Amino acid sequence: MSTPDVVRTAAVARLGALGDAAQEAFLLRLDRWWPDLDRAVREVYRATPDLALRLVETAADAYAERSPDLHRLDQQRLLRPDWIQQPDRFGYACYTDRFAGDLPGLSKRLDYLDELGVTYLHLMPLLQPREGDNDGGYAVQDYGAVRADLGTMDDLAELAARLRERGISLVVDLVLNHVAREHAWAAAARAGDETHRDYFLIHPDRTLPDAYEATLPEVFPDFAPGSFTWDDEAAGWVWTTFNTWQWDLNWANPEVLVEFARIVLDLANVGVEVLRLDAIAFLWKRMGTTCQNQPEVHWITQALRTVAKIAAPAVLFKAEAIVGPRDLVQYLGTGPHTGLVSDLAYHNSLMVQVWSMLATRNTVLARHALAALPPTPPSGTWITYVRCHDDIGWAIDDGDAAAVGLTGPAHRHFLSDFYAGDFPGSWSEGLVFQANPDTGDRRISGTVASLTGLGEHEVDVEGALARISLAHAIVAGWGGVPVIWSGDELAQPNDPAWAEEPGHEDDNRWAHRPRIDEARMARRGRADTPAGQVFVAIAHLARVRAALPQLHASAPTDTLTDTDDGILAVVRRHASGPFVGLYNVTDEHRPFPLRRLHEAGLAAPYDAIGGRLVTAGHDGNVWLPPYAAWWVVEATA
C-alpha cells in the first residue's frame, strides 16, 4: 500500500524549511512505515478519520526539530540496524540520585561505567513525578520535565550527548498505563473538562468496577487493594491498577495515542535511544479478562513504534512486560506484529529460572521451561538480568512444573521460603514483599549479594561469590543485552536503613535500591575484597562477551534437555561458529560428555571465560567444578 497523496502533501507542508535531501529522507521512511502505521490505527481505532495523518504530522514536526547530531545517529542506526544485538552491548541500570547525585554528577562517573564495560545505561524514572509517594517515580506528573533535584531537560540532553561520544546508549522510562493524579490531564478531568475526563476511566457507580474486578488480579494487595478508587473531585470511581494516585489512561481514546506519540518524539529529540515502556501489558481493558496482554496492546505499540521509525529511527522500544512465560515473546512481535512492536523485552522467565536453579541445585525445571519458550523473531532482543529494581515474582508456569513432577504453587511457596531465609539450609537474606493470603503469592526483595549469601550476615562468602559470578555468566551468555543493577557489581547487600527515608517505609523494595557505596567503589580493583572480586568478574564477562560474535542476539539459543541434573547447557549457532554455555548450579563437580561438544561442532573446545582448552578425563566426561560457568567456543590458532 502506497502512502496516500494527502499524507505526503501534509508531511511536505510541515517540512518546508528543510532542504530537499532532508525532505526526501523523511518521505522514504514514510513510504516504508505508512502501511504498518495505517493498519495499526485502523485495527484499534476503526471509526477515527485522519488519525494516521495526525500522527504523520506529529512525526514531521519532530523530524524538523531533530538536531544534526541526532539525524547523523539515525543514519548510523539505519546502516547497522542490528546495533542493539551486537555482543558488545552490556547494560547498567540505576537511579540517578543513588548512583551519582544528579545528572551533572553522573557525567563525572562515565569512566567508571567504561571500566565496567557498559554500553547501555538505563536511568530509572527521572521525569517529574508527583510529590510524596510516587511508586519510585512511576507516577509521572510532567513528561516534559526532569525531577528538579536531578537537573533539567538541558542537563539530560547534555548527558545523552556525552554518552553518545562514548558509545553508550541512554535508556529512559516512559510510563504508558497511567499518570499521577496531579498530572495536568487528571487535574483538568477533575475540574470538569469532558475532553480530558475521557483520557481516563471514571465510572459514576460500582456497577462496572465490580464487573471488571471479578477477573482482575491485585497488583499491590497490601497497600493498594482493588483496581478502582473513589475520587470526590472527579465524582466517580477512577481506574487505578497500581495505586490510588496513579490514574489509568483510557487508551481506547485516540487522543491519548496522539499525546504519547508527541511525548515519545520529544524524548527522542533529547537524545534518548531506548524507551522502556512501563506497565505496557495493562494498557487495554476488556471485561471478563485480567486486562493484561490484550491484542490491542500490540497494535498500539506498533503505531507508536512506526511513528518513531519515521521521525527518529535511532530510537528503540523496550517492553516492560513481566508476564507469564508463554506471553513473553509476543512483546517482541509474533504473527502480524513480527518485527513491528518492541525491539527489546525483559526475559523475566530466565531470571526466575536462574534463582530457581540456585535454590534447588537442579536444572530440570529450568531446562524444560526455557526449551519450551517459542523462538524470538530475528530482530527481537531479550534484556537479560539476574534481578532488577523490582521485586522477584515467581513466574513459574504450572504446566512447566507439572511436566517435571512438581506443582506450581508448591514450588513458588518453596522459592519464597528459601529466599526469605525461612527454609533449612538457605543462605539468603531476602525480604517478603506483598504477601497475598488469598493466593499464597509472596514476592521477594533483595540485592544479588543478599540473596546469594553475601548479605549483612555473610552467611556463605565463598559460595556467594561463586553464585554471583555464575548467575551473571548465565544471563550474559544467553544473547540479548545483559543488564547489571546498580550496586550488584560491588556486591552491595540490602540497605539496612531502607525504611528510614520518607515514603519508603511501606515498600521494602528500597532495600535493594541502595545508594552506591563509595568505599566499595574505591575498592573495586582489589582482589582481596568481595567488591573487587565481583566487579572484576563482571567486567571480565563484558570484555569476553564483546569479542564473541556467537553472542549476537539474533543467534538462536537451544537448551539441552538431557544433561546431568546439575548442569544447564545451552547451544547457540551463529555463522561464526557454535557456542555452548555450560553452567554447574551445584556445589559439587558435575559431568558433561566431551562428545556433546564435538557433536555441537566444536573440534577444539575452548572456554572463553577461563581462557583454557576443555579436555576430558578417562571417562570421556568434562567435569565442571562447583558453580562453574564456561562459554565454550572453537579454539583459534
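None of the values given here were measured: they were computed from a predicted structure.

## A few points about the sheet that holds strand β23 (residues 612–613)
And then number 1: Spatial ordering of the open sheet is given by β18-β19-β20-β25-β22-β23, a layout of six strands whose pairing is antiparallel. With one partner strand each, in any of the chains shown, β18 (557–559) and β23 form the two edges of the open sheet.
And then number 2: Note: strand β22 (residues 605–607) against strand β25 (residues 629–634), three bridges, orientation antiparallel. Considered in β25, the bridge of tyrosine 606 is made with valine 633.

## Points about the nonpolar core
And then number 1: Grouped together as the largest cluster of nonpolar side chains are 196 residues, with contacts concentrated most on Tyr92, Trp251, Phe260, Tyr419 and Trp631.
And then number 2: Looking at this core, the element that brings in the most residues is helix α12 (residues 254–270), giving 11 residues.
And then number 3: Sequence-distant contacts of tryptophan 251, that is, excluding residues within four places in its chain, are made with Tyr45, Leu176, Asn177, Val256, Leu257, Phe260, Leu283, Trp284, Ile300 and Leu304.
And then number 4: With 17 residues, the next largest nonpolar core counts Val571, Leu594, Leu602 and Val622 among its residues.

## Observations concerning unusual backbone geometry
And then number 1: Positive phi values are uncommon outside glycine, yet cysteine 291 reaches one of about 60°.
And then number 2: Relative to the helices and strands, cysteine 291 is located in the loop between β11 (274–278) and α13 (295–311).
And then number 3: With a phi angle near 55°, tyrosine 627 is a residue other than glycine that sits in the positive phi range.
And then number 4: Mapping tyrosine 627 onto the fold places it in the loop between β24 (621–624) and β25.
And then number 5: Of the residues examined, tyrosine 627 reaches a relative accessible area of 9% and is grouped as buried.

## Quick look at empty space enclosed by the protein
And then number 1: Summed over all chains, the structure comprises four cavities of 30 Å³ or more.
And then number 2: For the largest cavity, the full set of lining residues is Leu216, Pro217, Val219, Ser227, Trp239, Thr241, Phe282, Lys285, Thr290, Cys291 and Gln292.
And then number 3: Tallied by class, the residues present in the lining of the largest cavity amount to six nonpolar, four polar and one charged.

## A closer look at the pattern of salt bridges
And then number 1: All told, the structure shown has 53 salt bridges when counted by the stated rule.
And then number 2: For arginine 8, the salt bridge goes to aspartate 31, with nearest N and O atoms at 2.9 Å. With arginine 8 in helix α1 (residues 5–14) and aspartate 31 in helix α2 (residues 20–44), this pair connects stretches of sequence that are 23 residues apart.
And then number 3: A salt bridge links glutamate 115 to arginine 524, with the nearest nitrogen and oxygen atoms 3.0 Å apart. With a gap of 409 residues between them, glutamate 115 in helix α7 (residues 110–116) and arginine 524 in the loop between α21 (518–522) and α22 (530–546) connect regions that are remote in the sequence.
And then number 4: A single network of salt bridges, built from pairs that share partners, joins Asp135, Asp390, Asp507 and Arg509.

Cut-offs used in this document
- Residues numbered from 1 in each chain as written.
- Predicted model: local features only at pLDDT ≥ 70, side-chain atom pairs only at ≥ 80, totals over all residues.
- Heavy atoms only, no water.
- Pairing = 2+ DSSP bridges.
- Helix = DSSP H or I, 4+ residues; strand = E, 2+ residues; numbered from the N terminus.
- Core = buried A, V, L, I, M, F, W, Y, C linked by side-chain atoms within 4.5 Å.
- Buried < 20%, exposed > 50% of the residue type's maximum accessible area, 1.4 Å probe, protein only.
- Contact = heavy atoms within 4.5 Å.
- 1 Å grid on protein atoms, 1.4 Å probe; cavity = no way out; pocket = protein on both sides within 12 Å on 5 of 7 lines; lining within 4 Å.
- Points joined across faces, edges and corners; volume = space filled by probe spheres on them.
- Nonpolar A, V, L, I, M, F, W, Y, C, P; charged D, E, K, R; others polar.
- Salt bridge = Lys/Arg side-chain N within 4 Å of Asp/Glu carboxyl O.

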